[in-house]
Amino acid sequence: MKDLIDFGTADILFTDVDDTLTTGGRLLPETYLALCRLAEVGISIIPVTGGCAGWCDQIIRTWPVKAVIGEGGAFYAERTAPQTVAWHFWENETKHRRDQQAILDAVAALELDFEPKLATDQAFRFVDVAVDYNQQESLTPEQVKAIHDPLMAQGFSVRQSSIHINIWLGEFDKSTMSVRVGQEVLGLDIEALQKRAVFIGDAPNDESMFRNFPMSVGVANIRKHLPVMTHQPAAIASQPSGLGFAEMAEVWLQHRT
């Protein structure tokens, strides 16, 4: 198997979760083992997900990770003691909650010939709003566009993951919060972070990470999204989803030895 990228002295991993770590919505044993093996050799793992705060709480408490960034960059969580989790918001939770209600009102006011469904995890979100288009629902590209375009025109940030349309207010995304985590958790400025960090992802909402982190990998299922992506990964695994993640991890571990 050829090297996906030159890992150099990289010792930090930012990773998307849905359809990058998970496969068909599940975390395969070989994928979780790959996470554990990377952590065991000293790689700081930081999931960067559009997933909800509830999902992030489970990740930070049970996975071998340094921190977790959630809801597309709205916050990060870190363990400050074995059973204690601290939450750090892009701005402040009160403002984010007000913004979230404004987004919910805007989605409800859309004039559509179909009813958009919120993600089933919406109740566990602190900041953004997620509309389900490819998890339990199955919207056409035209229906996705009918949600995306009017909300963008109203000034909301709108990004499409592999399963949800994520909507938020604020000058944050996955990349900006990753840089903040680099500074506040790892003590690194952006240039040092870029030299030491690898990112792996699968969808258009990962573009900011592909843009700002030169050592980037896409799992194979990203190929279907490439025609609409301006910023693309430096390399693509031969396997999809969690198997692609495990493939990347194996190459990285071989490089370190």
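Relevant structure appears above.
The rules we used
Numbering of residues begins from 1 in every chain and follows the order in which that chain's sequence is written. Since the coordinates come from a predicted model, pLDDT governs what is reported: local features require at least 70, and pairs of side-chain atoms require 80 or more to be given and counted, while whole-chain, interface and lining totals use all residues. Remark: hydrogens and water are excluded; side-chain values derive from all non-hydrogen atoms of the structure. Cavities and pockets were defined on a 1 Å grid built over protein atoms only: a cavity is a set of grid points that admits a 1.4 Å probe from which the probe cannot escape, a pocket is an open set flanked by protein on both sides within 12 Å along at least five of seven lines, and lining residues are those with an atom within 4 Å of any such point. Grid points are joined across faces, edges and corners, and a volume is the space filled by probe spheres set on the points. In DSSP terms, a helix is any run of H or I states spanning at least four residues, a strand is any run of E spanning at least two, and both are numbered starting from the N terminus. Asp, Glu, Lys and Arg are counted as charged, while Ala, Val, Leu, Ile, Met, Phe, Trp, Tyr, Cys and Pro are counted as nonpolar; the rest, among them Gly, fall into the polar class. Nonpolar cores were defined as sets of buried Ala, Val, Leu, Ile, Met, Phe, Trp, Tyr and Cys residues, with membership established by side-chain atoms within 4.5 Å. Buried, partly exposed and exposed residues are distinguished by accessible area as a fraction of the type maximum, computed with a 1.4 Å probe on protein chains only: under 20%, between the cut-offs, and over 50%, respectively. Whether two residues are in contact is decided by their heavy atoms: any pair within 4.5 Å suffices. We call two strands paired when DSSP finds no fewer than two bridges between them. Every crossover in which the path from the first strand over the helix to the second runs clockwise, viewed with the strands pointing away from the viewer, is termed right-handed. Expected helix span is taken as 1.5 Å per residue step, with the number of steps being one fewer than the number of residues. We call Phe, Tyr and Trp rings a pair once their centres come within 6.5 Å, taking the six-membered ring for Trp, and we label the pair stacked below 30 degrees between planes, edge-to-face above 60, and tilted otherwise. Two conditions define a charge sitting above a ring: the NZ of Lys or the CZ of Arg must be within 6 Å of the ring centre, and it must be within 35 degrees of the ring normal.

K.L.:
I keep staring at the layout of surface pockets and nothing clicks. Help me out?
P.N.:
It is a probe the size of a water molecule, rolled over the atoms, that shows where empty space is left. The space that makes up the largest pocket amounts to roughly 500 Å³. Along the wall of the largest pocket there are 20 residues; nearest its centre are Val144, His148, Gln160, Pro204 and Val228. Elements with a contribution of two residues or more to the lining of the largest pocket: α4 (141-153) and β8 (157-160). In terms of residue count, α4 provides more of the lining of the largest pocket than any other element does, six residues in total. Taken together, the residues that form the lining of the largest pocket break down as eight nonpolar, seven polar and five charged.

K.L.:
I would appreciate a short explanation of the nonpolar core in the present structure.
P.N.:
Nonpolar side chains in soluble globular proteins tend to be buried together. Core analysis: the biggest nonpolar cluster contains 61 residues, and Leu13, Phe14, Leu38, Phe245, Met248 and Trp252 have the highest contact counts within it. The element best represented in this core is helix α8 (residues 241-256), accounting for seven residues. In contact with Met248, not counting residues within four places along its chain, are Leu4, Phe7, Leu13, Ile200 and Val217. If you look at the next biggest cluster of nonpolar residues, it comprises 16 residues, including Ile103, Leu139, Ile147 and Phe156.

K.L.:
Help me understand the pairing of strand β1 (residues 12-15), please; the structure alone is not making it clear to me.
P.N.:
Of the two faces of β1, the one lined by Ile12 and Phe14 and the one lined by Leu13 and Thr15 are each fully buried. Bridge count between β1 and strand β2 (residues 44-47): four bridges; the pairing is parallel. Counterpart to Leu13 in the pairing with β2 is Ile45. This β-α-β element, β1 to helix α1 (residues 29-40) to β2, shows right-handed connectivity. Sheet analysis places β1 next to strand β10 (residues 197-201), joined by four bridges and oriented parallel. By the bridge assignment, Phe14 is partnered in β10 with Phe199.

K.L.:
Help me out: how do you make sense of unusual backbone geometry in this one?
P.N.:
In this structure, Glu71 is a non-glycine residue whose phi angle is positive, near 50 degrees. Not every positive phi belongs to a glycine, and Ser241 is a case in point at roughly 50 degrees. Its location among the elements puts Ser241 in helix α8. Residue class for Ser241 comes out buried when judged on its relative accessible area of 9%.

K.L.:
I tried to follow helix α3 (residues 93-108) on my own but got confused; where do I start?
P.N.:
Three- or four-residue spacings in an α-helix give side chains the same orientation, since the helix completes a turn every 3.6 residues. With 16 residues, α3 ought to run about 22 Å at 1.5 Å a step, and its terminal C-alpha atoms sit 23 Å apart, in line with that. Where α3 is buried, its residues meet β5 (84-89), β7 (129-132), α4 and β9 (164-168).

K.L.:
I keep staring at the packing of aromatic side chains and nothing clicks. Help me out?
P.N.:
Each pair of aromatic rings is reported with the distance of its centres and the angle of its planes. The full count for this structure, using the stated rule, is twelve aromatic pairs. Ring plane angle 15 degrees and centroid distance 5.1 Å describe the contact between Phe7 and Trp252, whose orientation is recorded as stacked. With a gap of 245 residues between them, Phe7 in the segment before β1 and Trp252 in helix α8 connect regions that are remote in the sequence. With a relative accessible area of 0%, Trp252 lands in the buried category. Relative to Phe210, the ring of Phe199 lies with its centre 5.4 Å away and its plane at 65 degrees, an arrangement referred to as edge-to-face. Remark: Phe210 occurs in helix α7 (residues 207-212) and Phe199 occurs in strand β10; sequence separation between them is eleven residues. The rings of Phe75, Trp87, Phe89 and Phe126 are connected pair by pair, giving a single aromatic cluster. Sitting over the face of the ring of Trp90, Arg180 holds its NZ or CZ atom 4.0 Å from the ring centroid.

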